[in-house]
Amino acid sequence: MTNGILVTGGAGFIGGNFVLHWLGEELGPVVNLDKLTYAGNLQTLVTVQHRPDYTFVQGDICDGELVSRLLAEHKPRAIVHFAAESHVDRSILGPEAFLKTNIDGTFTLLQAARAYMATLSEEEQKEFRFLHVSTDEVYGTLEPNDPAFAETTAYAPNSPYAASKAASDFLARAWVHTYKLPVLVTNCSNNYGPYQFPEKLIPLMITHALAGKPLPIYGDGMQVRDWLFVVDHCKAIAAVLAKGRIGETYNVGGCNQRSNREVVETLCSLLDELVPDSKYKPHAQLITSVKDRPGHDRRYAIDAYKIESEIGWTPEESFETGLRKTVEWYLTNKAWVDGVTSGSYQQWVTQNYSGRNDRTEVVK
Ligand code: NAD
Ligand code: TYD
């Protein structure tokens, strides 16, 4: 076994940030297995693509033969599993891909990891880890005064995305208990930061505002999310990999509960300040209410006591500092945005937003 790790989905938003963080900290070699769906983008990884300790493999996590071959060839000390279909709105319009990648794909990886572990020495088996990256959406929705999600909160997934992630978490759990696979699970709140595909709330609003397009808030915009800066999430994953107890789940959150409307208004103020000569100023005039997402979860919030007390991790960015960094990144990385928003992205925007116009109104 080597000091290297196998990352799945490392060309996506969080996986890409994680690969950059891991290599930046010189934590060991990385093999990145990614199918390069619409959400995968090698532009994120240009700064590391020629490093001798970085290998990219385009492939599907559902391809058991490929996964087994990569494990046998590269002999990683850990698998860090990000690859997933990750967007709730897409899961509502087309759930099949979510079941395939999130459930079958995780099953395939778990099985390949079992077979690989059997080839390791006893010493190596003690070191090997499988870290499964999941979401707080498996816990369902909270009322305004409910306590935040703890690791003991019962699963109650509401969207096809959340259901598929919940199923994959249960597989991970079963593989620990039944096969003694050394799995760790992290359930994280909403991430934001550089390299996020502009179908998700924050980058969508930034890119729309810069182009003078409407900023579509679903329903009343009072849904609450607990926002975490992506680099803080990457640090949490590295810390859980180093110190987490096998078979345990760790909730990861930013301690930043904000309503969607608050998030978008803050973004608009930041853009007013950072793009003072914009012809769309004040950007808040672009805010538009549109028809709500079906089954829209009202509130997510994470109780991060366990990871703080056991692992010693806490988020370093406040929402204000993280959001400013994010807006600045999108302002200085227009080429990256242009690269991902050409072609099929436009079709997605039309498909997701055209049917919502019946409730369109401009919010003063
Ligand atoms: P993303 O959609 O930006 O990236 C997913 C990556 O996985 C892409 O590079 C894609 O090409 C790849 N991929 C998809 N299907 C694949 C397959 N079958 N085989 C190989 N690669 C495949 O997602 P993200 O936002 O970076 O999320 C990463 C992980 O973190 C996911 O498991 C997600 O459920 C979880 N998560 C995300 C958030 C968030 O706010 N984005 C919050 C909590 C947890
Ligand atoms: P999103 O970024 O899709 O993450 P998730 O659904 O996984 O939490 O959405 C975050 C919140 O923003 C969610 O409550 C839905 C809302 N939203 C809008 O109001 N308008 C939009 O155009 C998008 C994409 C999301």
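Asks: When you look at the sheet that holds strand β4 (residues 78–81) in this model, what are you seeing that I'm missing?
Replies: Sheet strands pair by backbone hydrogen bonding; their relative direction is either parallel or antiparallel. Pairing in this open sheet of 7 strands is parallel, and the strands run β3-β2-β1-β4-β5-β6-β11 from one edge to the other. Of all the strands in the sheet, just β3 (54–58) and β11 (249–252) have a single pairing partner and so form its edges. Across this sheet, the average inter-strand angle for adjacent strands is 20°, counted without regard to direction. Judged from the 4 bridges that link them, strand β6 (residues 183–188) and β11 form a sheet pairing that is parallel. Bridge assignment links C188 to a residue of β11, and that residue is V252. The sheet contacts of helix α2 (residues 64–74) involve β1 (5–8), β2 (30–34), β3 and β4, and relative to β2 the element is tilted by about 175°.

Asks: Honestly, the packing of aromatic side chains in this entry has me stumped. Any pointers?
Replies: Where two aromatic rings form a pair, the distance of their centres and the angle of their planes describe that pair. All chains considered together, the criterion is met by 20 aromatic pairs. Taken together, a centroid distance of 4.9 Å and an interplanar angle of 80° make the contact between W329 and Y330 edge-to-face. Given the relative accessible area of 2%, Y330 is considered buried. A centroid spacing of 6.5 Å and a plane angle of 80° characterise the contact between Y330 and W336, whose relative ring orientation is edge-to-face. Accessibility classification places Y330 together with W336 in one group, the buried group. Between R225 and the ring centre of Y300, over which it is positioned, the NZ or CZ distance is 4.0 Å. For R356, the ring lying beneath its charged end belongs to Y218, and the centroid distance is 4.0 Å.

Thresholds applied
Residues numbered from 1 in each chain as written. Chains lettered and ligands numbered in written order. Predicted model: local features only at pLDDT ≥ 70, side-chain atom pairs only at ≥ 80, totals over all residues. Heavy atoms only, no water. Pairing = 2+ DSSP bridges. Helix = DSSP H or I, 4+ residues; strand = E, 2+ residues; numbered from the N terminus. Axes fitted to C-alpha atoms, helices over the stretch in contact; angles between N-to-C directions. Contact = heavy atoms within 4.5 Å. Phe/Tyr/Trp six-rings, centres within 6.5 Å; stacked < 30°, edge-to-face > 60°. Buried < 20%, exposed > 50% of the residue type's maximum accessible area, 1.4 Å probe, protein only. Lys NZ or Arg CZ within 6 Å of the ring centre and 35° of its normal.

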